[in-house]
Amino acid sequence: MNTLSDAWDWLTDPANWSGGDGVWHRLTEHLVLTVVCLVISCLIALPIALVLGHLGKGGALAVNISNVGRAVPTFAVLVLLLLTPIGKWGQGPTVVALVLFAVPPLLTNAYVGMREVDRSIVQAARGMGMTGRQMLWRVELPLALPMILNGVRIAAVQLVATATIAALAGGGGLGRIITAGFNLASTAQVVAGAVLVAAFALIVEGLFELAERLAPGWARGRTA
Amino acid sequence: MKAAPEAPDDCLARNEWICGKYLSTRSEILTDAVIQHLELTAISVLIGLVLAVPLAVAARRWHWASGPLLGLTTVLYTIPSLAMFSLLLPVYGLSAALVVAGLVLYSLTLLVRNILAGLRAVPEETRQAARGMGYGPIRLLLTVELPLAVPAAMAGLRIATVSAVSLVTVGAIVGYGGLGNLIYAGMNTYFKAQVLTASVLCVVIAIAADLLLLGVQRLLTPWQKGARG
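Because the structure is a prediction, the values reported are computed rather than measured.

Engineer: Looking at this model, I keep getting lost on the packing of helix α8 (residues 175–183) of chain A against helix α9 (residues 187–214) of chain A. Mind explaining?
Structural biologist: Working note: a packed helix pair is described by the angle between its axes plus the distance between those axes. All names here are of chain A. In contact at an axis separation of 8 Å, α8 and α9 are set at 165° when each is read in the N-to-C sense. Of the possible angle classes, the one that applies to α8 and α9 is roughly antiparallel. In the crossing of α8 with α9, the sense of the turn from one axis to the other is left-handed. Together, Gly 175, Ile 177, Ile 178, Ala 180, Gly 181 and Phe 182 of α8 and Gln 189, Val 190, Gly 193, Ala 194, Leu 196 and Val 197 of α9 make up the contact between the two elements. Its residues assigned to classes, the contact of α8 with α9 shows eight nonpolar, four polar and no charged.

Right, here's the structure in full:
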């Protein structure tokens, strides 16, 4: 395949890695966007989900918000935000869109995790005289942790994908290499950018997979 | 396109988000975009379904195949849509086939996982009862296992369809994005009414498709509602 060797040539050319449009800069942008937005989304979604899950209220909302999130095209939201006053503030539309699409999986998974905690364990905790706050922190949260972390993993992968599409609406990140490739009609650059994005997404997924394999040891030790 | 020269003070000229005049003057463009959107979605999901059923059945039959197959679907599903379309560019060029191929891969992923879960959930007693009644392996698959896997398969089909409706918009990068084309063009010209109208239509299509499939599921699995009567 000629295109593949062209893409390889593009990737191995040091000139393509440096500068404002270079791979290093775009990679850093992508990483910062993903991490910052993941933190913001967790700060918004997890407290709400933990409290709702603890109280057992708002379940329909917490579960259905994921389905709604799936039906709304990421690209449409990015462009809509770009045309609002937020669009004037650099990466504003990208950050808002990333958070909007990361919150639903976090909320749903954390809520379901909290509700799936065995009720008899919660009752036993109450019987031992634990307050609501103690039950939340010492019983429900540790037992719900695997589901919560699964939500974080889904959100992280979603963030990487959304940050890529943000390039279509002028946002930063590795997607810009792809859109610039399309504008230059350079198939080699498009493919090279896509390989970088795919590798980035798979590494993120792989890190969570690895963390999950290493985690059960201490997670079980603490909750047993 | 006419830029409405004699009526400068309508909602189009003022570039408002909600504009009835946009709907009446551009109905043809909107209809074409909606049709392209529906075609791309329907073709992709149908091809995905046709490919997913035998793959799921094979993974159910031969256990060694299910691990690598599920691993591959996870990898495919992790690749962001823009990168997926871009990776297919050397194969398909700037064509509708590129968008369809990308969407097929995503639908396939969701469908294989759900159909396989459905097949695995068929109780062993049911299988044995069917075998005891003299059912061969093919008759067992077609008349017992697959019908019992329909609810799980339909759940996967609904998720795949709703996702596909949303992902078609990214096809705008190669010019085959249905309503995504209008959003892309509207972005470049700051045309608020066009972007909002196309976005809302996307969501409406997704919800309508979901409800339609829910209706189909009810028709296909009357026994699930039978407990009521």
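Engineer: Any chance you could explain the UniProt feature "transmembrane region" (unreviewed entry) in chain A here in plain terms?
Structural biologist: Residues and elements named next belong to chain A. Under the UniProt annotation, "transmembrane region" (unreviewed entry) lies at residues 31–56, 68–87, 93–114, 158–178 and 190–208. Helix makes up 96% of residues 31–56 and strand 0%, with an end-to-end C-alpha separation of 35 Å. Counting secondary structure, residues 158–178 comes out at 57% helix and 0% strand; the distance between its end C-alpha atoms is 18 Å.

Engineer: Please clarify how the UniProt feature "transmembrane region" (unreviewed entry) in chain B should be interpreted in this entry.
Structural biologist: When the UniProt feature table is mapped onto this chain, "transmembrane region" (unreviewed entry) is found at residues 40–57, 69–89, 95–116, 163–183 and 195–216 of chain B. Note that residues 163–183 of chain B is 52% helix and 0% strand, and that its end C-alpha atoms are spaced 18 Å apart.

Engineer: Whenever I open this one, the UniProt feature "domain: ABC transmembrane type-1" (unreviewed entry) in chain B confuses me. Can you help?
Structural biologist: In the UniProt entry, the feature "domain: ABC transmembrane type-1" (unreviewed entry) is given for residues 34–213 of chain B. Span residues 34–213 of chain B is 85% helix and 0% strand, its end C-alpha atoms 19 Å apart.

Rules behind the numbers
- Residues numbered from 1 in each chain as written.
- Chains lettered and ligands numbered in written order.
- Predicted model: local features only at pLDDT ≥ 70, side-chain atom pairs only at ≥ 80, totals over all residues.
- Heavy atoms only, no water.
- Axes fitted to C-alpha atoms, helices over the stretch in contact; angles between N-to-C directions.
- Helix = DSSP H or I, 4+ residues; strand = E, 2+ residues; numbered from the N terminus.
- Parallel < 35°, antiparallel > 145°, perpendicular 65-115°, else oblique.
- Left-handed = near helix turned anticlockwise from the far one by under 90°.
- Contact = heavy atoms within 4.5 Å.
- Nonpolar A, V, L, I, M, F, W, Y, C, P; charged D, E, K, R; others polar.
- UniProt positions renumbered as here; feature names shortened; annotations may be inferred.

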